[in-house]
Amino acid sequence: MQRAAVALSLALVGGCMAPAARLSAPAPTAQVRTPADLYGPLFEAVQMRRIFPDGKTFVDAVAKRDAAAIVADYRRGDYRDDAALTAFVMANFDVPAAAPATPASAARPPLAEHIRALWPQLTRPPLDPPAGSSALALPHRYVVPGGRFREMYYWDSYFTMLGLEADGRGDLMRDMIENFVSLVTRYGHVPNGTRTYYVSRSQPPFLYLMMGLVRDADAATQARWLAALKAEHRFWITQRSVTMPDGAVLQRYGDARRTPRDESWREDVETGRGDPARYNDLRAGAESGWDFSSRWLADGRTLATIRTTGIVPVDLNSLLYGMERALAERSRALGHRDAGDYDRMAEVRRAAIERWLWRDDEARYGDYDLGERRVRAGVTAATAYPLFTGMASPGRGARVAATIERDLLAANGLRSTMATTGQQWDRPNGWAPLQWIAVDGLRRYGRDDLAQRIAVRFLATVEREYRASGKLLEKYDVEESRAGGGGEYPTQDGFGWTNGVTRALQERYAR
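Everything quoted here is computed from the prediction, not taken from an experiment.

S.K.: I'd like a rundown of the sheet that holds strand E8 (residues 311–312), residues and numbers included.
M.R.: Strands sit in the order E8-E11-E12 across an open sheet of 3 strands; the sheet is antiparallel. Here the strands that pair on one side only, and so sit at the sheet edges, are E8 and strand E12 (374–375). Where E8 meets strand E11 (residues 368–369), 2 bridges bridge the pair, whose relative direction is antiparallel. When the bridges of E11 are listed, Val 312 appears paired with Tyr 368.

S.K.: Describe the environment of Gln 423, and please don't skip the residues or the numbers.
M.R.: Mapped onto the secondary structure, Gln 423 falls in the loop between strand E14 (413–414) and strand E15 (429–430). Given a relative accessible area of 15%, Gln 423 falls into the buried group. Put simply, Gln 423 and Ala 223 are 200 residues apart on the chain and 41 Å apart in space, counted from C-alpha to C-alpha. Setting aside residues up to four positions removed in sequence, Gln 423 forms contacts with Phe 292, Ser 293 and Leu 303.

S.K.: Explain the confidence of the model for the chain residue by residue, including any values.
M.R.: The pLDDT averaged across the chain works out to 93; a share of 92% of its residues lies at or above 70. A low-confidence stretch, residues 1–8 stays under pLDDT 50, and its non-local contacts, those more than four residues away or across chains, total 16 contacts. Within the model, pLDDT remains below 50 along residues 10–30, and this stretch shows 50 contacts once partners closer than five positions in the same chain are excluded.

S.K.: Give me the lowdown on the packing of aromatic side chains, citing residues and values where you can.
M.R.: Enumeration according to the criterion identifies 34 aromatic pairs in this entry. A ring pair is formed by Phe 159 and Trp 497, whose centres lie 6.3 Å apart and whose planes are at 85 degrees; its orientation type is edge-to-face. Placement of Phe 159 in helix H7 (residues 154–166) and of Trp 497 in helix H19 (residues 496–509) is noted, with a sequence separation of 338 residues between them. With relative accessibility at 0%, the residue Phe 159 sits in the buried group. Over the ring of Trp 290 we find Arg 295; its NZ or CZ atom is 4.5 Å from the centre of that ring.

S.K.: Could you give an account of unusual backbone geometry, with specific residues and numbers?
M.R.: Here the amide bond leading from Asp 291 into Phe 292 is cis, since omega sits at 10 degrees, within 30 degrees of zero. Looking at where Phe 292 falls in the secondary structure, it is placed in the loop between helix H12 (276–288) and E8. Cis geometry is found at the peptide bond from Arg 427 to Pro 428, where omega equals 10 degrees. By the element assignment, Pro 428 lies in the loop between E14 and E15. Of note in this structure, Arg 373 is not a glycine but carries a positive phi near 55 degrees. Relative to the assigned elements, Arg 373 resides in the loop between E11 and E12.

S.K.: Give me helix H13 (residues 314–333): which residues, what numbers.
M.R.: For H13, with 20 residues, the first-to-last C-alpha span of 29 Å sits near the 28 Å given by 1.5 Å per residue. Of all 20 residues that make up H13, 16 are buried, and the element is covered over most of its length. Gly 335 lies just past H13 and shows a positive phi near 80 degrees.

S.K.: Can you lay out the sheet that holds E15 for me, pointing to particular residues and giving the numbers?
M.R.: Strand order in this open sheet of 3 strands is E15-E16-E17, and the pairing throughout is antiparallel. The sheet is open, and its two borders are formed by E15 and strand E17 (482–483), each paired with just one other strand. Note: E15 against strand E16 (residues 476–477), 2 bridges, orientation antiparallel. By the bridge assignment for E16, Gly 430 is matched with Tyr 476.

S.K.: If you had to explain the environment of Lys 64 to someone new, which residues and values would you point to?
M.R.: Structurally, Lys 64 is set in the loop between strand E2 (62–63) and helix H4 (67–76). For Lys 64 and Gln 506, which are 442 residues apart along the polypeptide, the C-alpha to C-alpha distance reads 46 Å. Leave out the neighbours within four places in its chain, and Lys 64 touches Met 90, Ala 91, Asn 92, Phe 93 and Asp 94. In terms of polar contacts, Lys 64 uses its side chain to reach the backbone carbonyl oxygen of Met 90, at 3.3 Å.

S.K.: Explain the pattern of salt bridges to me, using residue names and the numbers behind them.
M.R.: One pass over the structure, following the stated rule, counts 57 salt bridges. Note that Asp 268 is salt-bridged to Arg 261, the shortest N-O span being 2.7 Å. Here the two residues Asp 268 and Arg 261 agree in accessibility, since each one is buried. A salt bridge links Asp 477 to Arg 482; its shortest N-O distance comes to 3.1 Å. Where salt bridges share partners, they join Arg 325, Arg 332, Asp 343, Glu 347, Arg 350, Glu 354 and Arg 396 into one cluster.

Criteria and thresholds
Residues numbered from 1 in each chain as written. Predicted model: local features only at pLDDT ≥ 70, side-chain atom pairs only at ≥ 80, totals over all residues. Heavy atoms only, no water. Pairing = 2+ DSSP bridges. Helix = DSSP H or I, 4+ residues; strand = E, 2+ residues; numbered from the N terminus. Buried < 20%, exposed > 50% of the residue type's maximum accessible area, 1.4 Å probe, protein only. Contact = heavy atoms within 4.5 Å. pLDDT = per-residue confidence, 0-100. Phe/Tyr/Trp six-rings, centres within 6.5 Å; stacked < 30°, edge-to-face > 60°. Lys NZ or Arg CZ within 6 Å of the ring centre and 35° of its normal. Expected span 1.5 Å × (residues − 1). Polar contact = N/O pair within 3.5 Å; in protein donor to acceptor, adjacent residues only side chain to side chain. Salt bridge = Lys/Arg side-chain N within 4 Å of Asp/Glu carboxyl O.

Listed below in structure tokens is the structure:
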């Protein structure tokens, strides 16, 4: 980032007094063409008529010929019958096959051994996508989560890398970081995932933490990586800023588009009912990684009340604090003169988080509702992020730990929230990344006893399911110790971040 851009960021953070919270101007519409852009009426017919049970199937298909020619032939034909439409699609697209099921077996290898054997199965070679594909090019190898998730995802990859690190796969970690650097170079940010339909949004910014796992990169590599981090920081500052009532600037989740998501078109149309603002909020919820959760719902229960862009999230801003500290440290190590600027930005951000995203009466951090002008009700696992990034004071860190122990600790791991809504990022589900965030944050603040309880309980849940089904799952019900539920698709097997967190926790706590 040039010094002028840093000065602009500082001016934003220290902005003038404002009578009320204010949203930044929306980002320009992404220029990358998605399947919805390319196939128009054909796309809508396939998705709305549910030709494939999973809306992601069609957007991952590869066209066999030019998109314009396919659409022209579709317009000339009569495809009101589902069978005829299915035949047309199969004639014009290579449709991805369903992921193979994990074979049942009474005898299973130890869990760590099983995960080590999964890495080659989930690793993909460098990708130069064929014409007609929605995939983005990747110059190096990468790991996919598994199941319906056939591409590399942003925040998933950090938690996957924790397991790669535990299993001595630094080579693969570096390849994935280089892929992310390549994406930032091309798009100005890290897309949600490596598909055209994900480019209009990002995900929680974990790239600086991925880079922190690699401790032997040479100076030239560090300089390239730092340039990418500065570009990513610029994206969040220029595209996702909101002004708080006192003029402080924090960031929120968003998306450059105001249409239904390509991969969940039918679901979004049914929820959004033609409202571009609601579509944008659904997309912003996907950028958060918590898609979906009571965190983003105006009434705390109903998806149709989603208002993600009207909420200032504690997890995102805690990560940006960590990013700014990392930018300062890396800039200073390379002799860049802007290191102090990033130090000051981090400190200003910390003060704003402590003022606006803290509930003293409930001893927790939370998300600020711009409309209600208060921290939203309900403790969530996002309260652990200020501990994870080292932003919280020791006193507040101790109080948050007590809140986590009282409210979020379940018999089999850490709950995501205390709200039961049927959404997959709510009670009773527990997710591997949130277990790690809490465990690592609690250890940082001297509560290794609580961290170990969370870790051991979650590991036991993963082990029980593995022994029963042979699978590692995307999410778990941590109250009943079974597969998690809710969401727009069935619980997936694989699974990148569960594999990674499980191996990291085993290395730290397994006896």
